[in-house]
Amino acid sequence: MRFAVSLLSVLGVASVIGTVLKQNEPYENYIVKFGQFWFALFEYLGLYDVYHSVWFLVILLFLVVSTSLCIYRNTPSMLKEWRTFKDHATEKSLRAFSHQATFNLTADYAATKQALLQFLNAKGFKYKIKAQEDGSELIAAKAGTHQRWGYIFTHVAMVVILFGGLLDGNLPFKVQEMLGYKRIETLDLPVSKVPAESRMSASNPSFRGNMTLSEGATHNVAFLRVRDGYLVQELPFAVGLKDFRIEHYATGQPKSFESDLVIFDPALKEPITKTISVNHPLTYKGIAIYQSDFQDGGTGLKFNVWNLFSPSEKSHALSGAIFDEGALGEGDDLLRVEYNDFRKFNIINMSPDGKGKPHNVGPNVTYKLRDSRGQAVEYVTYMQPMQIDGKFYFLSGMRETVQEDFRYLRIPADEDLSINGFMGFRAVMLDSSKYQEIAKRIAKKSLGVSDNPEIKKQFELSLVRLLTIFAQGGYSEVAKVIEQSVPEKEREASATTYIKMVNIAAYEAYNMGLQLSNKPLLKNSSETEALMRDSLNAFSDMFFYGAPYYLQLNQFEHKEASGLQLTKSPGQKWVYLGSVILVLGIFSMMYIRERRIWLYLKPSANEVHFAMASNRKNLDFEKEFSLYREQLAGIVS
């Protein structure tokens, strides 16, 4: 008994872990969450799929067998106890009871006996009269003996619930895997190329799989995530997505979503159409189809591609779709573009102290740029400029591994809230043919420079050289040159001078870019100074962006996909049945109290002996015994 309770405790703890720890996630997620050491330990313990782990199923099987044997062995004796009146008690044994009393019989014997039987009937006791050899009579009465059924119900319920767990434990696959007939597929293969040993037939008795359907698509397989791979579960019918709808709150957060599904089955005269939503599944042929989530279904994308290190102020177009691939560049510089995700709504708290109200900042796209060596950098780029500290920026984050946070490139938006102002500035700053013109403009405005041809020439040469250095690596390159050519004591002063000159040059470069676009020129103001600082910072950060291309999303054709969970769970009904039986058993044990009364009528001694017992001697029993003793004393006398 103690061992069984210990095992039940282990199952309880495991169930808590299985509830708290999200099960059957990709292993990469667990590695990021726990680290390599704890990931390996938890994997060894089978905590990523607790309910299907071998040790969990072995405990279930052991408890089913042991509890069944316990029921088989003890039920006959319990039923015997339930039926018996225990009329074999003797006068001597009754006098040994802790709760007993003796009354003098003064009234008529037959009338008293009848009154005692009426008393027992009134109190809900069933009784049996047994004559004794000396002429005495024993009335053995009982009430509440159904309480014994509580023990039986409780044990039966445990067997039924555990049996249901075994049915849903995916045992057929585990047996076939042990025998070598099945194996988990770990390669990212098209469904048609998944080998037979990684496919489960439609007759698989239990499974829980996932299916992603884009609008207009139809599938007849689901994917079962198992450890670090997957299995393909074939279905006895096909599921099509006719339409997917989602409602949002004013903040852009999802409010509700639902799918119009169509079931295609050769056994049907007409396809079945039904709308499912969260907690309102469709069940067909024992397979419940739940609305679990939603994803992108292959949104069409159009970009303006800016070559960040080209002096051209023009961009070129690029089209793609989520889950597709594209290409940028050529030769050894060729980059593969992998479009991974698109989000139409992004709810972000942009307040400086983090206490403000989150709001929708608009669509973003996530993609990877992979070079010829297979190295990839992941990017997330927002379509609309975001307001940060009162100014608007185009944000694009990059990271080299999924464990890192995104590091963002902040490109300041111009007066038209477009990126063109910065791109024109960038093009001028990268065009060395424009440096002389910039230097002349600045020299012309500088007092004492334009008056002396020699000083003017030297000034312009210095400025051209500074712009050339800055165009090769931003502030980092300027700092490197200062460290190499300027004594340490003079570096701070030189850096201040260089930065001031770069800021002045940036103003002229920005206006030259605006002139090329036929836009109004900037005016000297604090806003213009801030714009110059942000533009120079963005220009300098370009060299750490990880790719020469900035993909500006300008159009999209949103296409959504419905995330479905398909569950075949024959053990579910057994678990429900067992739960009902368990409730009956627990209530029987807790609220039904077995009580037995013995009345030994001894006419030769003119006395009646009263004894009472219960399986639960609590305060209620003490009060009941005292009450019955007083009432019986009144009847007998």
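Please refer to the structure placed before this passage.
Report on the accompanying structure. Everything numeric here is computed off the predicted structure, so don't read it as measured data.

The next subject is the pattern of salt bridges. Going through the model one piece at a time under the given rule, you end up with 32 salt bridges. Here K519 makes a salt bridge to D416, at a shortest N to O gap of 3.4 Å. Placement of K519 in the loop between α11 (491-516) and α12 (526-541) and of D416 in the loop between β22 (407-412) and α8 (420-430) is noted, with a sequence separation of 103 residues between them. Take K519: its relative accessible area is 32%, and that puts it in the partly exposed class. Accessibility expressed as a relative area gives 52% for D416, which makes it exposed. Members of the salt-bridge network, linked through shared partners, are E81, K86, R148, E594 and R596.

So, about the sheet that holds strand β25 (residues 595-602). Spatially, β1-β26-β25-β3-β2 is the arrangement adopted by the five strands of the open sheet, whose pairing is antiparallel. Whereas interior strands pair on both sides, the edge strands pair on one side only; in this sheet they are β1 (100-104) and β2 (126-131). When strand polarity is set aside, the average angle formed by the axes of neighbouring strands in this sheet is 15 degrees. Relative to strand β26 (residues 607-614), β25 runs antiparallel, the two sharing eight bridges.

With that out of the way, let us pick up the pairing of strand β15 (residues 335-343). The side chains of a regular strand alternate between both faces of the sheet. Note: strand β14 (residues 325-328) against β15, four bridges, orientation antiparallel. Across the sheet, L328 pairs through a bridge with L335, a residue of β15. Turn length for the β14-β15 hairpin, with the two strands adjacent in sequence and antiparallel, is six residues, and the turn residue G329 shows positive phi of about 80 degrees. Sheet topology places β15 next to strand β18 (residues 364-370); seven bridges connect them, and they run antiparallel. Within the sheet, the bridge partner assigned to R343 lies in β18 and is N364.

Take M532: it is sitting in helix α12. Each C-alpha atom, one on M532 and one on P363, is 27 Å from the other, the two residues being 169 residues apart in sequence. Leaving out residues up to four positions away in the same chain, M532 has contacts with N503, A506, Y507, Y510 and L522.

Here we come to the sheet that holds strand β13 (residues 316-321). Strands in a sheet are paired, the pairing made by backbone hydrogen bonds, and the direction either parallel or antiparallel. Taken together, three strands build an open sheet; the order of strands is β13-β12-β23 and the sheet is antiparallel. Whereas interior strands pair on both sides, the edge strands pair on one side only; in this sheet they are β13 and β23 (549-557). Strand-to-strand twist in this sheet, taken as the mean axis angle between neighbours without regard to direction, amounts to 30 degrees. Note: strand β12 (residues 300-307) against β13, six bridges, orientation antiparallel. Paired with K302 across the two strands is S319, which belongs to β13.

Our next topic: a nonpolar patch on the surface. A grouping of F37, W38, L41, Y44 and L45 is seen on the molecular surface, where their side chains present a nonpolar patch of about 600 Å² in accessible area. Note on placement: W38 falls in helix α2 (residues 27-45). What makes W38 partly exposed here is its relative accessible area of 44%.

Scanning the entire structure with this criterion turns up 36 aromatic pairs. Plain terms: the ring middles of F237 and Y284 are 5.1 Å apart, the flat faces sit at 75 degrees to each other, and that makes the pair edge-to-face. In this pair, F237 is assigned in strand β7 (residues 229-248) and Y284 in strand β10 (residues 282-284), connecting sequence segments 47 residues apart. Both residues of the pair, F237 and Y284, count as buried. Feature note: the residues F309, F422, F425, F470, Y475, Y510, F539 and F543 constitute an aromatic cluster, connected by ring pairs. One residue, K142, lies across the ring of F85, its end atom 4.5 Å from the ring centre.

Definitions and cut-offs
- Residues numbered from 1 in each chain as written.
- Predicted model: local features only at pLDDT ≥ 70, side-chain atom pairs only at ≥ 80, totals over all residues.
- Heavy atoms only, no water.
- Salt bridge = Lys/Arg side-chain N within 4 Å of Asp/Glu carboxyl O.
- Helix = DSSP H or I, 4+ residues; strand = E, 2+ residues; numbered from the N terminus.
- Buried < 20%, exposed > 50% of the residue type's maximum accessible area, 1.4 Å probe, protein only.
- Pairing = 2+ DSSP bridges.
- Axes fitted to C-alpha atoms, helices over the stretch in contact; angles between N-to-C directions.
- Contact = heavy atoms within 4.5 Å.
- Patch = residues over 30% accessible without salt bridge, like charges linked within 9 Å, V, L, I, M, F, W, Y side chains within 5 Å.
- Areas by Shrake-Rupley, 256 points an atom, 1.4 Å probe, with all protein chains shown as cover.
- Phe/Tyr/Trp six-rings, centres within 6.5 Å; stacked < 30°, edge-to-face > 60°.
- Lys NZ or Arg CZ within 6 Å of the ring centre and 35° of its normal.

The quantities given are spatial measurements derived from coordinates; they are silent on function.
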